[in-house]
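The chain contents come next:
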Amino acid sequence: MLSIRGLDVHFPMPNGQVVRAVDGVSLSLKPGETVGLVGESGSGKTTVGKTVLRLVEATSGEIRIGDVDVRKASLKGLKTLRRKAQIIFQDPHSSLNPRMTIHRAVAEGLILNTSLRGAALHDKVSTILESMGLPAQFHHRYPHELSGGQKQRVCIARALVLDPDLLVLDEPTSALDVSVQAQILGVLKDLRITRPALTQLFISHNLAVIRFLCDRVAVMYLGKIVEEGPVEQVFEDPRHPYTRALLSAVPVPSAVKRPDRIRLTGDIPSPTDIPKGCAFHTRCPIAKKGTCDTIAPVPVALGPDRQARCHFADHTKGVGQE
Amino acid sequence: MMDSTPILDIRDFSLVFDTFDGAYHAIDKVDLSLAAGEAVALVGETGCGKSVLTRAAFGLVPSPPARITSGSVRLDGRELLGLSDRELRGVRGKDVAMIFQDPMTYLNPVFRIGTQLTDAIRAQSGGKVKRAEARDIALGMLEKVHLPNPERQFKAYPHELSGGMRQRILIAMALAAKPKLLIADEPTTALDVTIQAQILDLMAELVEDMGLTMIMISHDLGVVAQVCSRVAVMYAGKIVEDAPIGQIFDAPAHPYTKGLLDALPHPFKRVERLASIPGTLPDLLNPPKGCRFAQRCASAHAACDAPVGLRRVAPQHTVACTLFEDTPMKDPVHEH
Ligand SMILES: Nc1ncnc2c1ncn2[C@@H]1O[C@H](COP(=O)(O)OP(=O)(O)OP(=O)(O)O)[C@@H](O)[C@H]1O
Ligand SMILES: Nc1ncnc2c1ncn2[C@@H]1O[C@H](COP(=O)(O)OP(=O)(O)O)[C@@H](O)[C@H]1O
Ligand code: SF4
Ligand code: SF4
Ligand SMILES: [Mg+2]
Ligand SMILES: [Mg+2]
């Protein structure tokens, strides 16, 4: 459904430096699959998501959605693409026009993209809003009259009403409370059943959320995918030291102290100055001098759909986990 | 712990906001007490009153519109309600320190970190500490909060530092005056998981090694779990449950606490469904007479329409819910 091959997105800076936001990313999503993209701030997740919808231009590489070559698409092709692929952002408030009722906001896309009008249009919008848990009394309200969770439901309804094949969700619950997050996650999980053909790229830095929602996960660090695989496998047997560090940093709702924690020191390096060799070696607890700081690791296949970009990926099991 | 005066003792504290539509009952008869060296989490949904409570107690919520309608706030035995603005400023500069979600708001972008830190330390001492001495204290604090290369960061401007480094600096600044109490209002919400873990480790270390007394505010029970030993759960301006952290996870009593726990996805467990709490906070312009959670509670029954006070279900565990009977026990910290 979505196929990304060798994607680079580089931003030249006024001072002559280059931000290598995305650096050789390849990722495939099968129809109906939900894949999580996780990593620290600045690792390039949003840039991947936006490039897929051509909201940001790639520097090189190939992106296909179905049979559309996104980077070569004509204006007409782009118009179809904008309907077939939808994106939902973290902040539902700034994604909605404050002067439009939510019914109108959802109708807008249909008016622009279809010939649906009148009662048929009205009914289609009402139905989708209701299916998102927004009953009729809300339909003629303005965004400021809704809570954050309700606004995010409107954004999801607005995307789904166009029957997209691909949904890119960029941190859709990070601005929400845990209880409202649970509602939105429920809505998204239901889509797995009600729209089995819908493919979702779910961007988040919350690993617990990814575990709940996704079939597969790709972990990004400084513009590269460093580990990829089925969610259960990656969470239960992470092979990249960065994945292990991320997992041990997740706050777990339990008073039992976790003995197995790996702490990364320092911050993520600047993407204008990516460390040589393995980009993670400056923070890696098991980095090997002479190897990791000079030779860039290539992805090591660990099974079907499973790989990690570390020199020691196939025999690091348990290392540093105590 | 039990026989000493609490560092902070909030009793029967109520506050309304006078709005065009009438009085908004933001905080209602709250009791919250912290012994020296205790780290207590204040947990609840957005808008339930966590920030208003912890700011109003130290004179940080302007009046009008806010109006404190009942209660007392004692800091190490001294009553704070009724103090002048000047006296309260003194308390905040010295005895109570606060850190917030976005450290950038509290750092001046045009001054170097070192200047801001030394100025703050000198101000906290009322000018008694000399510049050179303040500099040593500041560098010492930066080491305590494990800021890498403190000498170098001293010369940096705030925008040159990452969010995690800025939060460390704010913690250093907050603790330099050796406050009796630290209020940390969602200190890690804006940070990445890995950096959040570093800051939480630091807070836990400060509590353990420096005997820091702290209220940590969060809407996520997972975040406070590694730092705090006790949790006070707040809902619609009331404390609905107060218990040691182990009890909150192993034997949560209040239906709202259970709801918060069930809503959390777990990174290491396969969960098919998350229970979410239906509905939203009640309208506090016309707060329910009985339990404020009743509209959203699956166990609500007739008795919940009358005011519900805190009941003790275990020695250190109180809950405001009619599903529980009061078991009288002697516990001076909570005694009225
Ligand atoms: N238009 C741009 N010009 C220059 N640099 C950019 C631009 N867009 C993104 N970047 C940089 O590219 C890197 C990746 O950014 P991106 O927004 O994709 O990260 P992210 O993984 O989504 O982070 P977050 O978790 O904070 O949302 C960052 O260093 C960012 O500052
Ligand atoms: N100046 C104000 N006027 C009226 N209502 C206010 C004011 N400040 C806060 N509130 C209300 O008080 C309640 C508690 O807010 P707050 O303490 O910020 O919540 P929390 O920190 O738990 O998210 C909210 O309903 C908020 O809208
Ligand atoms: S290649 Fe080396 S530095 Fe990179 S993750 Fe593996 S062990 Fe660490
Ligand atoms: S007092 Fe009643 S309504 Fe309130 S939480 Fe308990 S059972 Fe539910
Ligand atoms: Mg992003
Ligand atoms: Mg708050």
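Reading the values: the criteria
- Note on numbering: residues in each chain are counted from 1, in written sequence order.
- The order in which chains are written sets their letters, starting at A; the order in which ligands are written sets their numbers, starting at 1.
- Totals for whole chains, interfaces and linings use every residue, but because this is a predicted model, local features are given only for residues with pLDDT of at least 70 and side-chain atom pairs only at 80 or more, for both listing and counting.
- Side-chain figures throughout are based on the complete set of non-hydrogen atoms in the structure, without hydrogens or water.
- Secondary structure is summarised from DSSP: a helix means a run of H or I of at least four residues, a strand means a run of E of at least two, and numbering begins at the N terminus for each.
- As a reference, a globule follows 2.2 Å times the number of residues to the power 0.38, and the radius of gyration itself is taken over C-alpha atoms.
- Two residues qualify as a contact provided that any one of their heavy atoms is within 4.5 Å of a heavy atom in the partner residue.
- To measure how exposed things are, a 1.4 Å probe is used in the Shrake-Rupley method; for residues, cover is taken only from the protein chains shown.
- Under the counting rule used here, the positive set is Lys and Arg, the negative set is Asp and Glu, and His together with the chain ends is not counted.
- To locate a charge, take NZ of a lysine, CZ of an arginine, CG of an aspartate or CD of a glutamate.
- Burial classification: accessible surface area is computed with a 1.4 Å probe over protein chains only, and a residue below 20% of its type maximum counts as buried, one above 50% as exposed, and the rest as partly exposed.
- Salt bridges are counted wherever a side-chain nitrogen of Lys or Arg sits within 4 Å of a carboxyl oxygen of Asp or Glu.
- The term buried area refers to how much accessible surface (probe radius 1.4 Å) is lost by two components on association, counted for both of them together.
- Here a polar contact is recorded for every N or O atom pair within 3.5 Å, except that within protein the pair must consist of a potential hydrogen donor and a potential acceptor, and residues adjacent in sequence are included only if both atoms are side-chain atoms.
- All residues other than Ala, Val, Leu, Ile, Met, Phe, Trp, Tyr, Cys, Pro, Asp, Glu, Lys and Arg, Gly among them, are scored as polar; the first ten of these are nonpolar and the last four charged.
- Pairs of strands are assigned from DSSP output, requiring at least two bridges between the strands.
- Between the N-to-C directions of two axes lies an angle of 0 to 180 degrees, each axis being a line fitted to C-alpha atoms and, for a helix, fitted only over the stretch in contact.
- Near residues are defined by distance, with any heavy atom within 4 Å of the molecule or strand qualifying the residue.
- Multiply 1.5 Å by the residue count of a helix minus one, and that product is the helix's expected span.

1. Regarding the overall build of chain A
For step 1, the next point in the chain: Within chain A, the secondary structure is distributed over 10 helices and 12 strands.
For step 2, the next point in the chain: In terms of C-alpha radius of gyration, chain A reaches 21 Å, essentially the compact-globule figure of 20 Å for 322 residues.
For step 3, the next point in the chain: Dimensions of chain A along its principal axes, counting C-alpha atoms only, are 70 × 50 × 40 Å.
For step 4, the next point in the chain: Of the contacts formed within chain A by residues at least 6 apart in sequence, a portion of 62% connects residues at least 24 apart.
For step 5, the next point in the chain: Per element, the accessible surface of chain A, about 13500 Å² overall, is 54% carbon and sulfur.
For step 6, the next point in the chain: Each charge class in chain A can be summarised by its mean position, and for the 41 positive and 32 negative side chains these summaries are 2 Å apart.

2. Thoughts on the overall build of chain B
For step 1, the next point in the chain: Secondary structure assignment for chain B yields 10 helices and 12 strands.
For step 2, the next point in the chain: Taken against the 2.2 N^0.38 rule, which gives 20 Å for 336 residues, the C-alpha radius of gyration of chain B at 21 Å falls within 12% of a compact globule.
For step 3, the next point in the chain: Principal axes of the C-alpha set define a box for chain B whose edges measure 65 × 50 × 45 Å.
For step 4, the next point in the chain: The burial tally for chain B puts 54% of its 336 residues in the buried class.
For step 5, the next point in the chain: Partitioning the intrachain contacts of chain B with sequence separation of at least 6 by distance along the chain shows that 63% fall at a separation of at least 24.
For step 6, the next point in the chain: For chain B, the computed accessible surface area is about 14600 Å², with 54% contributed by carbon and sulfur atoms.
For step 7, the next point in the chain: Considering chain B, the positive charge centre built from 36 side chains and the negative charge centre built from 40 side chains are found 5 Å apart.

3. Points about the pattern of salt bridges
For step 1, the next point in the chain: Throughout the structure, instances matching the rule amount to 33 salt bridges over all chains.
For step 2, the next point in the chain: Taken together, the shared-partner salt bridges in this structure form one network comprising Lys189(A), Arg211(A), Glu232(A), Glu236(A), Arg270(B) and Glu272(B).

4. Structural notes on the interface of chain A and chain B
For step 1, the next point in the chain: With 40 residues of chain A in contact, the opposing surface of chain B contributes 39 residues.
For step 2, the next point in the chain: Of the roughly 3600 Å² buried between chain A and chain B, counting both surfaces, carbon and sulfur atoms make up 56%.
For step 3, the next point in the chain: Its largest share of buried area at the contact with chain B, chain A owes to Asp177(A), Val178(A) and Pro253(A), together 17% of the area lost on that side.
For step 4, the next point in the chain: Notably, a salt bridge pairs Arg263(A) with Asp201(B), separated by 2.4 Å at the nearest N-O pair.
For step 5, the next point in the chain: The interface formed by chain A and chain B contains 12 residue pairs in polar contact (both at pLDDT 80 or more).
For step 6, the next point in the chain: Top contributing element to the side of chain A that touches chain B by residue count: helix α7 (residues 178-194) of chain A, with 9 residues.
For step 7, the next point in the chain: When grouped by side-chain class, the residues that make up the side of chain A that touches chain B number 18 nonpolar, 10 polar and 12 charged.

5. Some thoughts on the sheet that holds strand β10 (residues 224-230) of chain A
Residue and element names in this part refer to chain A.
For step 1, the next point in the chain: Taken in spatial order, the 8 strands make up an open sheet running β6-β7-β8-β3-β9-β10-β12-β11, and their pairing is mixed. Bordering the open sheet on either side are β6 (85-88) and β11 (300-303), each of which pairs with just one other strand. With direction set aside, neighbouring strand axes in the sheet form an average angle of 20°.
For step 2, the next point in the chain: Across the face of the sheet, helix α6 (residues 148-160) comes into contact with β6 and β7 (166-170) while running at roughly 175° to β6.

6. Considering the site of ligand 4
For step 1, the next point in the chain: With respect to spatial proximity, the complete set of residues near ligand 4 consists of His254(B), Pro255(B), Cys291(B), Phe293(B), Ala294(B), Cys297(B), Ser299(B), Ala300(B), Cys304(B), Cys321(B), Thr322(B) and Leu323(B).
For step 2, the next point in the chain: Along the lines of polarity and charge, the residues of the shell around ligand 4 split into 9 nonpolar, 3 polar and no charged.

7. Digging into helix α4 (residues 102-113) of chain A
For step 1, the next point in the chain: With 12 residues, α4(A) extends 18 Å between its outermost C-alpha atoms, agreeing within 8% with the 16 Å of an ideal straight helix rising 1.5 Å per residue.
For step 2, the next point in the chain: Where α4(A) is buried, its residues contact α5 (118-131) and α6 of chain A.

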